[in-house]
Amino acid sequence: MGKRNLVEVMESRGVRLQKTGREYKGLCPFHSDKSPSLSVNPDKGVWHCFGCGASGNAETFLERINPVNGTARAKILNAAADHYARTLEKHPKAIEYLKGRGLALPWLIESYRIGFGDGSIANTAAKRSELKADLAAAGVLTDRGRDRYFGFLTMPAVNDAGEVVELYGRRVEPNPERKPNHLYLPGEHGGVFNARGVKRDAPVILCECVIDALTLIANGFEQVSCVWGAQGWTPHHAELVRARNITRAYLAFDGDEGGEKGAAKATEKLAALGVKVLRVEIPQGEDVNSLFTKRGETAESFRRRIDSARLVRGPAAPERPPASTSAAPVDFRADGEEGAVMEREGRRYVMRGFNAFGMSRMRVTVRAEWSARFHIDTLDLYVAPSRSR
């Protein structure tokens, strides 16, 4: 950052600075400072107070000197998300990127307010100093007043009140300089993506990133959310699990080392909340989106992956019941989320494809579970050998 930027930002907020050598000194505005404890290095673009320990750059200074409360910040982020959404259709490359990801569906773009950062938000803010300060404080603009999401698709996370609490960005153009492909607002992550789409008392599919979650939503899966990257589990995810009374989660993380580590972390967090965790098999080197866009995955074939998901953490295994000469009671029910479910003697059988309202389909997939073990088979109940198995 140039000298003029940081010094002018601080002086515009009432901090009087005096040049001493290559740095500037002044009274710290964040504590009762009687001798100049604030040191500003304009060449490096950083500041530090030797009195109270506060430090940072121009962006963190603005956040501290002019904090934006939650409601005001939500309004600013909501306006920014709307601005990005309006600019998307003007940029063919952004649309082409979405097409390549299988996400260029009008209803999906509108419902999830997918947008694109083209720098115009910074141009608009430059004409209004108050708006510029608000956008900078919310993290939409950088400390130089530039569009943080320039060249990125934007996908907001919205809480139950309809407020934008996080803004995820995905780079569109090739990245030869190895700059980050994924972008978030500064500071701790806010909220959970598609939180309002996650219903109570139903299993949830948890992906590794927003693009993967949107891929499943585009293919008809509604009970879907994601973490903020492989290691992006936050307290907000725990809050959602408790608020929605989620007792079963299917992890659909990438088929690589990062995905394995991320799934392990999410498993520990979910298990601590009493959630039964199952791992959806994603082939090595693939992710949810690449399965659909490169390997011909369909909603039906992905549902089979869910049916065959491997139990990785759950309630303590029950003791094997003793043999009985009398018939054990059978609990049989139709479950809209899982299919037909039968439980007997500590075992659980889940049948998909079974039509609970008629006999038009007799070919079913059966998953038998006991403790952490399972077996999956496909049976055609019109055929006598299958009925005897």
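Residues numbered from 1 in each chain as written. Predicted model: local features only at pLDDT ≥ 70, side-chain atom pairs only at ≥ 80, totals over all residues. Heavy atoms only, no water.

(A) Structural detail: the overall build of the protein chain. Within the protein chain one finds 13 helices and 19 strands. For the protein chain, with 389 residues in total, the buried portion stands at 46%. Once local pairs closer than 6 in sequence are excluded, the contacts in the protein chain between residues at least 24 apart make up 54%. Only carbon and sulfur atoms are counted for the fraction: they give 50% of the accessible area of the protein chain, which is about 20600 Å². (Helix = DSSP H or I, 4+ residues; strand = E, 2+ residues; numbered from the N terminus. Buried < 20%, exposed > 50% of the residue type's maximum accessible area, 1.4 Å probe, protein only. Contact = heavy atoms within 4.5 Å. Areas by Shrake-Rupley, 256 points an atom, 1.4 Å probe, with all protein chains shown as cover.)

(B) Quick look at helix α8 (residues 210–218). Most of α8 sits out of view: nine of its nine residues are buried. For α8, the full list of buried residues reads Val210, Ile211, Asp212, Ala213, Leu214, Thr215, Leu216, Ile217 and Ala218.

(C) Quick peek at the sheet that holds strand β6 (residues 115–116). Judged by pairing direction, the sheet is antiparallel, and its four strands sit side by side in the order β6-β7-β8-β9 without closing on themselves. Edge strands, defined here as strands with exactly one partner in the open sheet, are β6 and β9 (182–183). Packing against the sheet, helix α3 (residues 70–87) makes contact with β6, β7 (152–158) and β8 (164–171), and its axis sits at approximately 35° to β8. Contacts between helix α4 (residues 92–100) and the sheet are confined to β6, β7 and β8, with β7 contributing the most and set at about 65° to the helix. (Pairing = 2+ DSSP bridges. Axes fitted to C-alpha atoms, helices over the stretch in contact; angles between N-to-C directions.)

(D) Geometry of the side chain of Ser225. Residue position: Ser225 is located in strand β11 (residues 224–226). What makes Ser225 buried here is its relative accessible area of 1%.

(E) Structural detail: the pattern of salt bridges. Scanning all chains against the criterion turns up 13 salt bridges. In this structure, Lys99 engages Glu96 in a salt bridge whose closest nitrogen and oxygen atoms are separated by 3.5 Å. Here the residue Lys99 and the residue Glu96 both occupy positions in helix α4, the gap between them amounting to three residues, near one helical turn. A salt bridge links Glu260 to Arg279; the nearest nitrogen and oxygen atoms lie 3.3 Å apart. Highlighted residues: Glu260 in helix α10 (residues 257–272) and Arg279 in strand β13 (residues 276–279), separated in sequence by 19 residues. A relative accessible area of 46% means that Glu260 is categorised as partly exposed. Accessibility expressed as a relative area gives 10% for Arg279, which makes it buried. (Salt bridge = Lys/Arg side-chain N within 4 Å of Asp/Glu carboxyl O.)

(F) Spatial organisation of the confidence of the model for the protein chain. Averaged over all residues, the pLDDT of the protein chain equals 84, while 81% of them reach at least 70. Across residues 315–328 the pLDDT falls below 50, and counting only partners more than four positions away or on other chains, this stretch makes nine contacts in the model. Overall, residues 354–361 carries pLDDT values under 50, and its contacts beyond four positions in sequence, including any with other chains, amount to eight contacts. (pLDDT = per-residue confidence, 0-100.)

(G) Representation of the packing of aromatic side chains in the model. Scanning the model with the defined rule gives nine aromatic pairs in all. Both rings, one in Tyr84 and one in Tyr149, keep their centres 5.9 Å apart while their planes meet at 65°; by these two values the pair is edge-to-face. Placement of Tyr84 in helix α3 and of Tyr149 in the loop between α7 (129–138) and β7 is noted, with a sequence separation of 65 residues between them. In this structure, Tyr84 and Tyr149 share a single accessibility class: buried. Ring geometry for Phe292 versus Phe302: centroids 5.9 Å apart, planes at 40°, classification tilted. One end of the pair, Phe292, is in helix α11 (residues 288–294); the other, Phe302, is in helix α12 (residues 299–307), and ten residues separate them in sequence. Overall, the relative accessible area of 13% leaves Phe292 in the buried class. Grouped by ring-pair contacts, the aromatic residues Phe30, Trp47 and Phe61 constitute a single cluster. (Phe/Tyr/Trp six-rings, centres within 6.5 Å; stacked < 30°, edge-to-face > 60°.)

(H) Main features of empty space enclosed by the protein. Enumeration over the complete set of coordinates arrives at one cavity of 30 Å³ or more. The space that makes up the largest cavity amounts to roughly 80 Å³. For the largest cavity, the full set of lining residues is Val198, Val204, Leu206, Ser225, Trp233, His237, Leu240, Val241, Ile246, Ala249 and Leu270. In terms of residue count, the dominant contributor to the lining of the largest cavity is helix α9 (residues 235–244) (three residues). (1 Å grid on protein atoms, 1.4 Å probe; cavity = no way out; pocket = protein on both sides within 12 Å on 5 of 7 lines; lining within 4 Å. Points joined across faces, edges and corners; volume = space filled by probe spheres on them.)

(I) Broad picture of the packing of α3 against α7. Relative to each other, α3 and α7 sit at 100°, their axes nearing to 10 Å. Relative to α7, the element α3 is oriented roughly perpendicular. Across the interface between the two elements, Arg73, Ile76, Leu77 and Ala80 of α3 pack against Asp134, Leu135 and Ala138 of α7. In terms of residue class, the contact of α3 with α7 is built from five nonpolar, no polar and two charged. (Parallel < 35°, antiparallel > 145°, perpendicular 65-115°, else oblique. Nonpolar A, V, L, I, M, F, W, Y, C, P; charged D, E, K, R; others polar.)

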